[in-house]
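Commentary on secondary and tertiary structure
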Amino acid sequence: MKKIVVGGLNGKMGSFLVEALKNEEDLKLVAGVSEVEDLTGDIPVYSDPQKVINEIEFDVYVDFTVYEFAKIASELMLKSGKSIVIGTTGFNKADVDYLKDVARQYGGRGVIAPNFSIGAILINKFTEMCSHYFDNFEIVEYHHINKKDKPSGTAVYLANTLDCSLKRKLASTHVHSIRMPGILAKHQVLISDDYQTLELIHQSNSRHSFEKGIILAIRKVENLNELVYGLQHLID
């Protein structure tokens, strides 16, 4: 049985994951990390990720916190040779490259995923396919008003995919961010030439859309021998 530590277990995604883990017979939550430490309950909650490493036996650290904390926690975990699954967004290429080096040096492994929805992985794949036939792209991302990063990690991921495929840098105006109440997450890729248009849309209507991808990442991350960016590295 894999023993799991969840960073941000009191947040929206963290608390959702805690409930989801209860339905998985091969996964067990053994500790959490949050701003407020509470070691008195059945599941100890630490405020310091280093204390978790020192005091708890676990296999995988999963993070749904905020960028600043997640970056520190990821480095600590990788330097301890741990497996990490990071759902917190905001990591840039320099962050990922640095953490990849840390993982190689200390024997850690993991996945940083801007989106855990299988549908989001597919829209990225379809976008890459379209880049072989079209040159004009616009990305529009819609999220709830409480989402802190803008643009979203998934939108940046889509833009980076196009950068690589088209061998050019998309201007920042090609990624548009909308924050409105009543929306969870939606990503739209608009594609055109002089004679036709194409729209790719993925919409998450519930946090359950992320559940399969998170559980898959937790189960498969220890099969990696490095740190990777994007859930597609774990999908057959």
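Below is a short write-up of the structure. Given the structure is predicted, the values throughout are model-derived calculations rather than measurements.

This part takes up the sheet that holds strand β9 (residues 185–192). Judged by pairing direction, the sheet is mixed, and its four strands sit side by side in the order β8-β7-β9-β10 without closing on themselves. In this open sheet, the two edge strands, each paired with only one partner strand, are β8 (175–179) and β10 (197–204). Across the sheet, the mean angle from the axis of one strand to that of its neighbour is 15°, orientation sign disregarded. As paired elements, strand β7 (residues 136–143) and β8 share five bridges and run parallel to each other. Bridge pairing in β8 links His143 to Arg179. The strands touched by helix α5 (residues 118–130) within the sheet are β7, β9 and β10, with β10 carrying the most contacts at an inclination of about 165°. Packed on one face of the sheet, helix α6 (residues 153–166) meets β7, β8 and β9 and runs near 170° to β7.

For the pair helix α3 (residues 67–79) and helix α4 (residues 93–106), the least separation of the axes is 8 Å and the interaxial angle reads 20°. One element, α3, and the other, α4, form an angle in the roughly parallel class. The chirality of how α3 crosses α4 is left-handed. Where α3 abuts α4, its residues Tyr67, Lys71, Ser74, Glu75, Leu78 and Lys79 lie against Asp95, Tyr98, Leu99, Val102, Ala103 and Tyr106. Among the residues making up the contact of α3 with α4, the classes are represented as seven nonpolar, one polar and four charged.

With that settled, consider α4. Over its 14 residues, α4 extends 20 Å from the first C-alpha to the last, a length consistent with the 20 Å expected when each residue adds 1.5 Å. Residues of α4 that are buried include every one of Asp95, Val96, Leu99, Val102 and Ala103, and no others. Along the axis of α4, the buried residues cluster in a sector spanning 120°; they form a single face. Counted as exposed and oriented over 90 degrees from the buried face of α4: Lys93, Ala94, Arg104 and Gln105. Contacts made by the buried residues of α4 are with α3, β6 (109–112) and β11 (227–229). The opening residue of α4 is Asn92, an N-cap whose side-chain oxygen sits 3.1 Å from the backbone nitrogen of Ala94. Of the residues trailing α4, Gly107 is marked for its positive phi of about 80°.

This part covers the packing of helix α1 (residues 12–21) against helix α7 (residues 211–220). Helices that pack against each other are described as a pair by the angle of their axes relative to one another and the distance between those axes. Interaxial distance between α1 and α7 falls to 11 Å at its minimum, and their mutual angle equals 70°. Considered as vectors, α1 and α7 are oriented roughly perpendicular to each other. Each of Met13, Phe16, Leu17, Ala20 and Leu21 in α1 lies in contact with α7, whose residues at this interface are Glu211, Ile214, Ile215 and Ile218.

The calculated volume of the largest pocket comes to roughly 1100 Å³. For the lining of the largest pocket, the elements supplying multiple residues, two or more each, are α1, α3, α6 and β9. Tallied by class, the residues present in the lining of the largest pocket amount to twelve nonpolar, 18 polar and seven charged. Taken together, the elements giving at least two residues each to the lining of the second largest pocket come down to α4, α5 and α6. Sorting elements by how many residues they give to the lining of the second largest pocket places α6 first, with eight residues. A per-class count over the lining of the second largest pocket returns 13 nonpolar, eleven polar and eight charged.

Conventions we followed
- Residues numbered from 1 in each chain as written.
- Predicted model: local features only at pLDDT ≥ 70, side-chain atom pairs only at ≥ 80, totals over all residues.
- Heavy atoms only, no water.
- Pairing = 2+ DSSP bridges.
- Helix = DSSP H or I, 4+ residues; strand = E, 2+ residues; numbered from the N terminus.
- Axes fitted to C-alpha atoms, helices over the stretch in contact; angles between N-to-C directions.
- Contact = heavy atoms within 4.5 Å.
- Parallel < 35°, antiparallel > 145°, perpendicular 65-115°, else oblique.
- Left-handed = near helix turned anticlockwise from the far one by under 90°.
- Nonpolar A, V, L, I, M, F, W, Y, C, P; charged D, E, K, R; others polar.
- Expected span 1.5 Å × (residues − 1).
- Buried < 20%, exposed > 50% of the residue type's maximum accessible area, 1.4 Å probe, protein only.
- Arc of directions from axis to C-beta.
- Polar contact = N/O pair within 3.5 Å; in protein donor to acceptor, adjacent residues only side chain to side chain.
- 1 Å grid on protein atoms, 1.4 Å probe; cavity = no way out; pocket = protein on both sides within 12 Å on 5 of 7 lines; lining within 4 Å.
- Points joined across faces, edges and corners; volume = space filled by probe spheres on them.

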